[in-house]
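The chain contents come next:
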Amino acid sequence: MGILSEMFDEENNDISPYEGEFIASGNYDSRPDEILEGYKIYQKKYVYKSLIWKILIVLVATASSVMMIMTSNGNEVMPVFCLTLCVFIGVWFISQPITNKKKLKSGLDSLEGTPYKAEFYTDKIIISDMSPVEEKTENSESSENEENEEISEEEKKPPASVIHLDSPIVNLIDKSDMFILVINKSYVFIIPKRGFSGEDTGKIKEKLSNIMGVRYKAV
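Residues numbered from 1 in each chain as written. Predicted model: local features only at pLDDT ≥ 70, side-chain atom pairs only at ≥ 80, totals over all residues. Heavy atoms only, no water.

One pass over the structure, following the stated rule, counts 7 aromatic pairs. Taken together, a centroid distance of 6.1 Å and an interplanar angle of 35° make the contact between Tyr 42 and Tyr 46 tilted. Of this pair, Tyr 42 and Tyr 46 both sit in helix H2 (residues 32-71), 4 residues apart, which is roughly one turn of the helix. Here Trp 92 and Phe 93 contribute two aromatic rings whose centre-to-centre distance is 5.7 Å and whose plane-to-plane angle is 55°, an arrangement assigned as tilted. (Phe/Tyr/Trp six-rings, centres within 6.5 Å; stacked < 30°, edge-to-face > 60°. Helix = DSSP H or I, 4+ residues; strand = E, 2+ residues; numbered from the N terminus.)

Below you can see the structure in the form of structure tokens.
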């Protein structure tokens, strides 16, 4: 929660989100196939590499437990416990990426067609949900007081997500058809390039590759 509170600002914060130089903006709708494609790239680049090291550590611990069982003199309780624990941890490590992907798939249908706007600046990326605010029914309108009726449409919309690019935990993967924004190797935003002109994507690459350095990765 601490990381998220630092990385995502609401539009009504005291600090203005428009301090950096504007680069480009684009509008797009959410498509499950694009999100899954981008998520696979994220898993391959971050999740699976980390998983290999975790499994290697588990295998070493498992081998040590087996050796202790083989060399124990009748006292096998602790080695057997260590072996069981290693197997449990190994299974948990392997199952996590699979479980997370299943959870993502289960929620994609509800997001399909949702309109978004992505704004690229030299110091941040702002992603806004552009879904229209639901209209009130006549009955509900009559029961609302004047103060509530004066709330603007912008105030009713969910707050935009503001991702600060100067943070070392933010990485941007530049693929031929999408940008994949990764925060702390755990949180992912998929921004399709079809919402931008070729000139705009060129500006984004030119500016952010220089600013982010090795954290800007072209694949």
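What follows continues from the structure just given.
The next subject is helix H3 (residues 77-111). With 35 residues, H3 extends 50 Å between its outermost C-alpha atoms, agreeing within 8% with the 51 Å of an ideal straight helix rising 1.5 Å per residue. Every buried residue belonging to H3 is among Pro 79, Cys 86, Gly 90, Phe 93, Pro 97, Lys 101 and Leu 108, and all of these are buried. On its buried side, H3 packs onto H2. Looking at the residues trailing H3, positive phi occurs at Gly 113, about 85°. (Expected span 1.5 Å × (residues − 1). Buried < 20%, exposed > 50% of the residue type's maximum accessible area, 1.4 Å probe, protein only. Contact = heavy atoms within 4.5 Å.)

Attention now goes to the sheet that holds strand S4 (residues 161-164). Spatially, S1-S2-S3-S4 is the arrangement adopted by the 4 strands of the open sheet, whose pairing is antiparallel. Each having just a single partner strand, strand S1 (22-29) and S4 make up the two edges of the open sheet. Averaged over neighbouring strand pairs, the angle between their axes works out to 15° when direction is ignored. Pairing of S1 with strand S2 (residues 115-121) involves 7 bridges; the strand directions are antiparallel. If you follow Gly 26 over to S2, its bridge partner there is Ala 118. (Pairing = 2+ DSSP bridges. Axes fitted to C-alpha atoms, helices over the stretch in contact; angles between N-to-C directions.)

Notably, Asn 184 is not glycine yet its phi reads approximately 55°, a positive angle. Note on Asn 184: relative accessible area 29%, which makes it partly exposed. Backbone geometry places Lys 185, a non-glycine residue, at a positive phi of 60°. For Lys 185, the position within the fold is in the loop between strand S6 (178-183) and strand S7 (187-192). With relative accessibility at 54%, the residue Lys 185 sits in the exposed group.

Before going further, it helps to examine the pattern of salt bridges. Scanning all chains against the criterion turns up 9 salt bridges. In this structure, the salt-bridge partner of Arg 194 is Glu 34, at a minimum N-O distance of 2.8 Å. You can see Arg 194 sitting in the loop between S7 and helix H7 (198-212) and its partner Glu 34 sitting in helix H2, a full 160 residues away along the chain. Given a relative accessible area of 35%, Arg 194 falls into the partly exposed group. Here Glu 199 makes a salt bridge to Lys 203, at a shortest N to O gap of 3.8 Å. Taken together, the positions of Glu 199 and Lys 203, both in helix H7 and 4 residues apart, correspond to about one turn of that helix. Residue classification places Glu 199 among the exposed residues on the basis of a relative accessible area of 56%. Given the relative accessible area of 36%, Lys 203 is considered partly exposed. By sharing partners, the salt bridges in this structure join Asp 29, Arg 31, Glu 34 and Arg 194 into a single network. (Salt bridge = Lys/Arg side-chain N within 4 Å of Asp/Glu carboxyl O.)

Here we take up the confidence of the model for the protein chain. Should the pLDDT be low somewhere, the predicted coordinates at that spot are not to be read in detail. Put simply, the protein chain has an average pLDDT of 82, and 79% of its residues get 70 or more. Scored below 50 in pLDDT, residues 135-143 makes 5 contacts in the model with residues more than four places away or belonging to other chains. (pLDDT = per-residue confidence, 0-100.)

With that settled, consider the nonpolar core. Core analysis: the largest hydrophobic core is formed by 22 residues, its most contacted members being Phe 120, Ile 127, Leu 172, Leu 181, Ile 191, Ile 204 and Leu 208. Apart from the residues within four sequence positions on either side, Leu 181 is in contact with Ile 125, Ile 163, Leu 165, Val 170, Asn 171, Leu 172, Tyr 187, Val 188 and Phe 189. In terms of nonpolar packing, the next biggest core, distinct from the first, is built from 13 residues, Ile 35, Tyr 39, Ile 41 and Ile 180 among them. (Core = buried A, V, L, I, M, F, W, Y, C linked by side-chain atoms within 4.5 Å.)

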